[in-house]
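Below are the chains, spelled out letter by letter.
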Amino acid sequence: MLSLDWILRSADVRPDEAMVIRHAYVREHEDSGLQGIHADSTDDEILYYTSRQSATQRVFPVTPPQYWIVFIREDGGRARFWAVVKNHGEAWNDGRQRAFTLTVSEQMADLRNRLVIGWKSPRAWWINGGTAAPYPVLEIADAKPIPFPGFDGLVLDYPQLQAVIRDHRYASWRTALASVKGIYLITDTRDGRHYVGKADGAESIRQRWAVYATNGHGGNVELRNLDPSTFRYSVLRVFDPATPERDVNEAEDHYKRALDSRRWGLNRN
């Protein structure tokens, strides 16, 4: 059976350097007066709640580890993963409450709200990572689709572009990009230089961008020797697939002139 240990180690989190927390919904803690969380709590509220601990109850570790793996309690001995947070140390302690400086880590971000484990310590709300490591994984739910923002709202960095082309959460994005030809813009954010490109003929924007996602340069000479990790992709104009090629070419030429991408940018023609 798949265990939490494998999940943690795959995310480069050593169980012996972590603690695992399972929050329960509660209005207020009687021992500390700390405000609780509820089903509609925001991520910021959950992070704030996690960062505050009682200083009068000698339950929480004096020196907690670097990584806190935070779950939310569910019925039936289940715990749903919320986030990995990184502990940067105690910020203050007034004798009644302690506050820690925490940041949400990107580790295991793809499993947020999807991973469910069996919680074998019903009376404990936190345990050492080594103790939690053998806890069974009960469920990894399908990731929720990410809604397409519209062509006017589409701005992607290179890792996002690769995700759009490959990740099933972006299926609606691929459908939209496959339905149009058009003019697109690549900006090198290191120096602000632009590259104006087009998808025309039988080629859709999705097909054109899939090539960039694969090799970073799409066969363009000026992009070939650049690092695509600093590229940003957006759509300038879309066309129906039946649009004559000359109309697409005219639009491409217009944007090259408007952005002066031949003289100051990355277009050679």
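Note: the structure precedes this text.
Residues numbered from 1 in each chain as written. Predicted model: local features only at pLDDT ≥ 70, side-chain atom pairs only at ≥ 80, totals over all residues. Heavy atoms only, no water.

**Student:** So what's going on with the overall build of the chain? Residues and values would help.
**Tutor:** When its secondary structure is counted, the chain shows eight helices and twelve strands. In terms of overall dimensions, the chain is more spread out than a globule: its C-alpha atoms have a radius of gyration of 25 Å, far above the 18 Å expected for 269 residues. Along the first, second and third principal axes, the C-alpha atoms of the chain reach 75 × 40 × 30 Å. Of the contacts formed within the chain by residues at least 6 apart in sequence, a portion of 63% connects residues at least 24 apart. (Helix = DSSP H or I, 4+ residues; strand = E, 2+ residues; numbered from the N terminus. Rg over C-alpha atoms; globule rule 2.2 N^0.38 Å. Contact = heavy atoms within 4.5 Å.)

**Student:** Go over the pattern of salt bridges with me, naming the residues and quoting the values.
**Tutor:** All told, the structure shown has 18 salt bridges when counted by the stated rule. Asp 253 is paired through a salt bridge with Arg 262; the nearest N and O atoms lie 2.7 Å apart. A relative accessible area of 29% means that Asp 253 is categorised as partly exposed. Linking Arg 263 and Asp 260 is a salt bridge whose minimum nitrogen-to-oxygen distance equals 2.8 Å. Overall, the relative accessible area of 25% leaves Asp 260 in the partly exposed class. (Salt bridge = Lys/Arg side-chain N within 4 Å of Asp/Glu carboxyl O. Buried < 20%, exposed > 50% of the residue type's maximum accessible area, 1.4 Å probe, protein only.)

**Student:** So what about the pairing of strand E11 (residues 193-199)? Which residues, and what values?
**Tutor:** Here strand E10 (residues 181-188) pairs with E11 via seven bridges, running antiparallel. If you follow Ile 183 over to E11, its bridge partner there is Lys 198. Following E10, the chain reverses through four residues before pairing antiparallel with E11; Gly 192 in that reversal takes a positive phi of roughly 80 degrees. (Pairing = 2+ DSSP bridges.)

**Student:** Please provide a residue-by-residue account of unusual backbone geometry, values included.
**Tutor:** Its identity is not glycine, yet Asp 12 carries a phi of approximately 60 degrees, on the positive side. A positive phi angle is found at Met 108, which is not glycine, with a value near 65 degrees. Residue position: Met 108 is located in the loop between strand E5 (97-104) and strand E6 (115-118).

**Student:** An account of the side chain of Ser 51 is needed here, citing residue identities and associated values.
**Tutor:** With respect to the helices and strands, Ser 51 occurs in helix H2 (residues 43-51). Overall, the relative accessible area of 5% leaves Ser 51 in the buried class.

**Student:** Which residues make up helix H4 (residues 158-166), and what values do they have?
**Tutor:** Turning to H4, its buried residues number three or more, namely Tyr 158, Leu 161, Val 164 and Ile 165. Viewed along the axis of H4, the buried residues span an arc of 115 degrees, placing them on a single side of the element. Between a side-chain oxygen at the N-terminus of H4 and the backbone nitrogen of Gln 160 the separation is 2.9 Å; the capping residue is Asp 157. (Arc of directions from axis to C-beta. Polar contact = N/O pair within 3.5 Å; in protein donor to acceptor, adjacent residues only side chain to side chain.)

**Student:** I'd like to hear about the packing of H4 against helix H6 (residues 205-215), residue by residue, with values.
**Tutor:** With their axes 9 Å apart at the nearest point, H4 and H6 run at an angle of 120 degrees to one another. Relative to H6, H4 is oriented oblique. In the packing of H4 onto H6, the handedness of the crossing is left-handed. Together, Tyr 158, Leu 161, Gln 162, Ile 165 and Arg 166 of H4 and Arg 206, Trp 209, Ala 210, Tyr 212, Ala 213, Thr 214 and Asn 215 of H6 make up the contact between the two elements. For the contact of H4 with H6, a count of residues per class yields seven nonpolar, three polar and two charged. (Axes fitted to C-alpha atoms, helices over the stretch in contact; angles between N-to-C directions. Parallel < 35°, antiparallel > 145°, perpendicular 65-115°, else oblique. Left-handed = near helix turned anticlockwise from the far one by under 90°. Nonpolar A, V, L, I, M, F, W, Y, C, P; charged D, E, K, R; others polar.)

Just distances and angles here, no functional claims.
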